[in-house]
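Chain by chain, the residues:
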Amino acid sequence: MGAASSVAPTTHGMKGKYPMALRVAVVGGGVMGSSAAWHLAARGADVTLLEQYPPGHDRGSSHGSSRIFRLAYPDDLYVGLAQRALPLWRTLEEQTNTSLLTLTGAVDHGPAEATGALHDELSAAGARSYQLGAAEAAERWPGLRIDSTALFHPDAGRLHADRAVEALQTAAELHGASIQHGVQVNHISTTETDRVQIVTREQEVLIADAAVVAVGGWAPQTAAPLVNGLPALRVTQEQPAHFTAADALDWPSFIHHPGAGFGVAGGVYGLGSDDGVKVGFHAVGPVVEDAYLRDRSIDPAALAQLQAYAERWLPGVDAASAEGLTCLYTTTPDHNFVIDRQGPITVLAGFSGHGFKFGSVIGELAADLIDGKPGIARFALGPR
Ligand SMILES: Cc1cc2nc3c(=O)[nH]c(=O)nc-3n(C[C@H](O)[C@H](O)[C@H](O)COP(=O)(O)OP(=O)(O)OC[C@H]3O[C@@H](n4cnc5c(N)ncnc54)[C@H](O)[C@@H]3O)c2cc1C
């Protein structure tokens, strides 16, 4: 079965490409595990997804009403992946009759080297982008204070995160997957016959031909012992905030790149959403040693810093209205993802605060690995 048709509906009653249904357990029901369940079930695997929390929970990385979608990266690998992800999001919308991806366009502003590198990569990939001077950009987007060159790229916008995860699970179920919430996996091991044994907290045992371990911020304790060479993963609790704005849903997504006069090292991102304009500093949160024990309370000092940013740089929002929320980043040393297989175990980890947009295609990459295809070298297990 070709990759382009991998999530097309299978004939009712057939088990797709596998002569006997391949039994696959997916551990973790965030965007990545749910996408793997969708693609594998669509290819005819007998999929069981186990997620420890209820549907729509907010303890991991995939919850909420918005994530930025964009093609723009200063790196052709990620531009190509996003170009593959976009039509897969549309396929998912069709299969589940939901609206997930809204293209509002995106604005990047900051040093000319940063916006220029994005423009070059987008142009090389045949994607649209337009460079603007500061005055023109400031006039076009009065909600943003722009004092440098800017780049507008139309094939960008927002994904509705909660709806996307739900849709991936619904589509997986339409292809025959069993999606089970409230099931915590306590132990995963490889058997002598190279299969996988999974033991739940309730001591139920599941034997599968393959497992996909997509446990987000729980990967250091859960995935690291299962494979050799999982890169060091730094789990942090990040805290963006929603601000009220008159026209939040019309906002483009934006990235303010660090440069002269503005010093958030990882930059600032923002986008409109059902909950207002979401704004966050990229990768500044405190380290979380154990995702089960993390403090999900709002840090008033971090919230005040975001408000100060909004006062200065976002004239289109009410800076006083900030409502904080928390979420986990799981970051690799080089910020590249981990998508690799060792024996019957496939690990999806380390999405480094920028993985959601690729969610629709990550499951396809996982299914390809299980089908024996080579992975992407940059995402391999091993030293980073
Ligand atoms: C504040 C914030 C903003 C972001 N903004 C963007 C953005 O704009 N654009 C973008 O592309 N990306 C963005 N990201 C990154 C993106 O959201 C993540 O890369 C992505 O959600 C990671 O998904 P995941 O499935 O790996 O992890 P998770 O969503 O955490 O899923 C892992 C799941 O595994 C479950 N689990 C763990 N252990 C077990 C177990 N033992 N048994 C059963 N279940 C288990 C957990 O409960 C969890 O549901 C953002 C992230 C954050 C935190």
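Note that the structure is predicted; figures quoted are calculated from it, not measured.

What counts, and where the lines are drawn
- Residues numbered from 1 in each chain as written.
- Predicted model: local features only at pLDDT ≥ 70, side-chain atom pairs only at ≥ 80, totals over all residues.
- Heavy atoms only, no water.
- Near = heavy atom within 4 Å.
- Polar contact = N/O pair within 3.5 Å; in protein donor to acceptor, adjacent residues only side chain to side chain.
- Helix = DSSP H or I, 4+ residues; strand = E, 2+ residues; numbered from the N terminus.
- Nonpolar A, V, L, I, M, F, W, Y, C, P; charged D, E, K, R; others polar.
- Pairing = 2+ DSSP bridges.
- Axes fitted to C-alpha atoms, helices over the stretch in contact; angles between N-to-C directions.
- Buried < 20%, exposed > 50% of the residue type's maximum accessible area, 1.4 Å probe, protein only.
- Contact = heavy atoms within 4.5 Å.
- Phe/Tyr/Trp six-rings, centres within 6.5 Å; stacked < 30°, edge-to-face > 60°.
- Lys NZ or Arg CZ within 6 Å of the ring centre and 35° of its normal.
- Core = buried A, V, L, I, M, F, W, Y, C linked by side-chain atoms within 4.5 Å.
- Domains from an automatic or database assignment.
- pLDDT = per-residue confidence, 0-100.
- Salt bridge = Lys/Arg side-chain N within 4 Å of Asp/Glu carboxyl O.

Draft legend 1. Broad picture of the site of the ligand. Around the ligand sit 35 residues in total, of which Glu51, His57, Ser62, Ile68 and Cys327 are the nearest. Between an oxygen atom of the ligand and a main-chain N or O atom of Ile68, the distance comes to 2.7 Å. At 2.9 Å from a nitrogen atom of the ligand is found a main-chain nitrogen or oxygen belonging to Val185. Among the secondary structure elements, those contributing two or more residues to the shell around the ligand are α1 (31–42), β2 (46–51), β3 (67–70) and β20 (327–331). At three residues, the largest contribution of residues to the shell around the ligand is made by β20. Among the residues making up the shell around the ligand, the classes are represented as 19 nonpolar, 13 polar and three charged.

Draft legend 2. A look at the sheet that holds strand β10 (residues 185–190). Spatially, three strands are ordered β10-β11-β12 in an open sheet, and the strand pairing comes out antiparallel. Each edge of the open sheet is held by one strand with a lone partner, namely β10 and β12 (205–208). Ignoring which end each strand starts from, the neighbouring axes of this sheet average 20 degrees apart. Judged from the five bridges that link them, β10 and strand β11 (residues 196–200) form a sheet pairing that is antiparallel. Paired with Ser189 across the strands is Gln197, a residue of β11.

Draft legend 3. Quick look at unusual backbone geometry. With a phi close to 55 degrees, Asn97 is a non-glycine residue in the positive phi region. Tracing the chain through its elements places Asn97 in the loop between α2 (76–96) and β4 (101–103). Phi angles above zero are rare outside glycine, and Ser352 is one such case at about 50 degrees. In this fold, Ser352 is placed in the loop between β22 (345–349) and α8 (359–370).

Draft legend 4. Geometry of the environment of Asp155. In this structure, Asp155 sits in the loop between β7 (150–153) and β8 (156–159). For Asp155, a relative accessible area of 18% puts it in the buried group. Spatially, the C-alpha atom of Asp155 lies 23 Å from that of Pro258, the residues being 103 residues apart in sequence. Residues within four places of Asp155 in sequence aside, it is in contact with Phe69, Arg70, Leu71, Leu103 and Arg128. At 2.8 Å, the side chain of Asp155 and the side chain of Arg128 are in polar contact.

Draft legend 5. Quick peek at the packing of aromatic side chains. A complete count under the given rule lists 15 aromatic pairs for this structure. Ring centres of Tyr78 and Phe337 lie 5.3 Å apart, and the angle between their planes is 80 degrees; this geometry places the pair in the edge-to-face category. One end of the pair, Tyr78, is in helix α2; the other, Phe337, is in the loop between β20 and β21 (338–342), with 259 residues separating them in the sequence. Neither Tyr78 nor Phe337 differs from the other in exposure class; each is buried. Pairing Trp218 with Tyr292 gives two aromatic rings, centres 5.8 Å apart and planes at 65 degrees, and the pair type is edge-to-face. With Trp218 in the loop between β13 (210–213) and α6 (219–222) and Tyr292 in the loop between β18 (276–281) and α7 (300–313), this residue pair connects regions lying 74 residues apart in the sequence. Stacked on the ring of Phe152, the Lys or Arg Arg140 has its end atom at 4.6 Å from the ring centre. Cation over ring: Arg145 sits above Trp313, and NZ or CZ is 4.3 Å from the ring centre.

Draft legend 6. Spotlight on the nonpolar core. Counting residues in hydrophobic clusters, the biggest one holds 61 residues, and the most contacted among them are Leu40, Phe69, Trp89, Ile339, Leu348, Phe358 and Ile362. Counting residues per element, this core draws most heavily on α2, at ten residues. Shared between two domains, this core takes at least three residues from each, and those domains are domain 1 (19–62 + 162–230 + 334–379) and domain 2 (91–159 + 234–331). If sequence neighbours within four positions are ignored, Ile362 has contacts with Met32, Ser35, Phe337, Ile339, Leu348 and Phe351.

Draft legend 7. Summary view of the confidence of the model for the protein chain. In the predicted model, the protein chain carries a mean pLDDT of 94, and 95% of its residues have values of at least 70. Counted against residues more than four places away or in other chains, residues 1–5, with its pLDDT under 50, gives four contacts. Note on residues 10–15: pLDDT under 50 across the span, and seven contacts to partners over four residues away in sequence or across chains.

Draft legend 8. The arrangement of the pattern of salt bridges in detail. All told, the structure shown has 13 salt bridges when counted by the stated rule. Between Arg195 and Asp209 there is a salt bridge, with its nearest N and O atoms 3.1 Å apart. Within this pair, whereas Arg195 is found in the loop between β10 and β11, its partner Asp209 is found in the loop between β12 and β13, the two being separated by 14 residues in sequence. We classify Arg195 as partly exposed; its relative accessible area is 31%. Between Arg384 and Asp334 there is a salt bridge whose closest N-O contact spans 3.1 Å. Separated by 50 residues along the polypeptide, Arg384 in the segment after α8 and Asp334 in the loop between β20 and β21 bring together distant segments of the chain. The exposure class assigned to Arg384 is partly exposed, which follows from its relative accessible area of 32%. The exposure class assigned to Asp334 is partly exposed, which follows from its relative accessible area of 33%. Residues joined by salt bridges that share partners form a network here, namely Arg43, Asp368, Asp371 and Lys373.

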